[in-house]
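For reference, the chains in residue letters:
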Amino acid sequence: GGGAGGCGAEGGGASGGGVEELPPLGLVAQLRPVAAQLRLGVGLQALQQLVGINTIMYYSTPILRQAFFSGAVSEEERAFVIWLSAPVACGQLVGCIVGMLLIDRVGRRPLVLSSLALCALSLALQGANFWVDHTYCGGELGGGADDDALPPS
């Protein structure tokens, strides 16, 4: 008779180790076993936001419009620029697919570090392009109302 009584005492008692019971600890104490993974995940998400690629994707159409056309843009030119922004979005899709295919072969860490380096390089080149354009070419790429407010160089 001890087997049946033992199972009932372990599974359903108030002091037993049932799954539905949580220790009387705060949320921070409950997250302590996964603190390193949580910091890594939050850090990667913050890095993704701070690197600025979402801004580039969001403003790809105005950036391309300013790169190809100065002044007023006709409807035909606007449609052309919108079609030019499609390869930018497709490039992001291709990058995601390549990353999915490589993640198990190469590993997460090398993939994250290499993509971070390439993203930083591309953003630095784009920033240098805007700086050169504004400094030496009259600022047509960054054109708009704000350029009139800048002091002459």
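These numbers were taken from a predicted model, which means no experiment stands behind them. (Residues numbered from 1 in each chain as written. Predicted model: local features only at pLDDT ≥ 70, side-chain atom pairs only at ≥ 80, totals over all residues. Heavy atoms only, no water.)

Trainee: Got a minute to help me understand the overall build of the protein in this structure?
Mentor: Looking only at helices and strands, one finds eight helices and zero strands in the protein. When its helices and strands are written in sequence order, the protein yields α-α-α-α-α-α-α-α. Of all 153 residues assigned to the protein, the portion counted as buried reaches 12%. Only carbon and sulfur atoms are counted for the fraction: they give 67% of the accessible area of the protein, which is about 11,700 Å². (Helix = DSSP H or I, 4+ residues; strand = E, 2+ residues; numbered from the N terminus. Buried < 20%, exposed > 50% of the residue type's maximum accessible area, 1.4 Å probe, protein only. Areas by Shrake-Rupley, 256 points an atom, 1.4 Å probe, with all protein chains shown as cover.)

Trainee: I would appreciate a short explanation of the packing of helix 3 (residues 35-51) against helix 7 (residues 108-136) in the present structure.
Mentor: Helix packing for two helices is described by the angle between their axes and how far apart those axes are. Here helix 3 crosses helix 7 at 20°, and the two axes come no closer than 11 Å. Judged by the angle between their axes, helix 3 and helix 7 are roughly parallel. When you trace helix 3 past helix 7, the crossing you get is left-handed. Contact residues: helix 3 offers Leu44, Leu47 and Val51, while helix 7 offers Val112, Leu116, Cys119 and Leu123. Looking at the contact of helix 3 with helix 7, its residues break down into seven nonpolar, no polar and no charged. (Axes fitted to C-alpha atoms, helices over the stretch in contact; angles between N-to-C directions. Parallel < 35°, antiparallel > 145°, perpendicular 65-115°, else oblique. Left-handed = near helix turned anticlockwise from the far one by under 90°. Contact = heavy atoms within 4.5 Å. Nonpolar A, V, L, I, M, F, W, Y, C, P; charged D, E, K, R; others polar.)

Trainee: Even after reading the chapter, I still don't get the packing of aromatic side chains, so can you show me in this structure?
Mentor: For any two aromatic rings, the description comes down to two numbers: the centre-to-centre distance and the angle of the planes. A full pass over the atoms with the stated rule returns two aromatic pairs. Ring centres 4.9 Å apart and planes at 85° place the aromatic pair Tyr58 and Tyr59 in the edge-to-face group. By relative accessible area, Tyr58 is classed as exposed at 63%. Ring geometry for Trp131 and Tyr136: centres 5.8 Å apart, planes at 90°, overall edge-to-face. (Phe/Tyr/Trp six-rings, centres within 6.5 Å; stacked < 30°, edge-to-face > 60°.)

Trainee: Help me understand a nonpolar patch on the surface in this model?
Mentor: Together, Leu27, Leu31, Val34, Leu38 and Val42 make up a nonpolar patch on the protein surface, roughly 440 Å² of accessible area in all. Counting only elements with at least two residues in the nonpolar patch, the list comes to helix 2 (27-31) and helix 3. (Patch = residues over 30% accessible without salt bridge, like charges linked within 9 Å, V, L, I, M, F, W, Y side chains within 5 Å. Salt bridge = Lys/Arg side-chain N within 4 Å of Asp/Glu carboxyl O.)

Trainee: Help me out: how do you make sense of the side chain of Ser85 in this one?
Mentor: Tracing the backbone through its elements, the reader meets Ser85 in helix 6 (residues 75-106). On the accessibility criterion, Ser85 (11% relative accessible area) is buried. Apart from residues lying up to four places away in sequence, Ser85 is in contact with Ser60, Thr61 and Leu64.

Trainee: Would you explain the confidence of the model for the protein in this entry?
Mentor: Detail in the predicted coordinates should be disregarded across regions flagged by low pLDDT. A residue-level look at the protein finds 74% of positions with pLDDT of 70 or above and a mean pLDDT of 76. At the level of individual helices and strands, the protein shows its lowest average pLDDT in helix 8 (residues 145-149), which scores 41, and its highest in helix 6, which scores 88. Contacts of residues 142-153 to residues separated by more than four positions or lying in other chains number seven contacts, the stretch itself having pLDDT below 50. (pLDDT = per-residue confidence, 0-100.)

Trainee: Any chance you could explain the packing of helix 6 against helix 7 here in plain terms?
Mentor: The interhelical angle for the contact between helix 6 and helix 7, taken along N-to-C directions, is 130°, at an axis separation of 7 Å. As judged from the angle between their axes, helix 6 and helix 7 are oblique. Residues Gly99, Leu102, Ile103 and Val106 of helix 6 lie in contact with helix 7, whose contacting residues are Arg108, Pro110 and Leu111. A class-by-class count of the residues in the contact of helix 6 with helix 7 yields five nonpolar, one polar and one charged.

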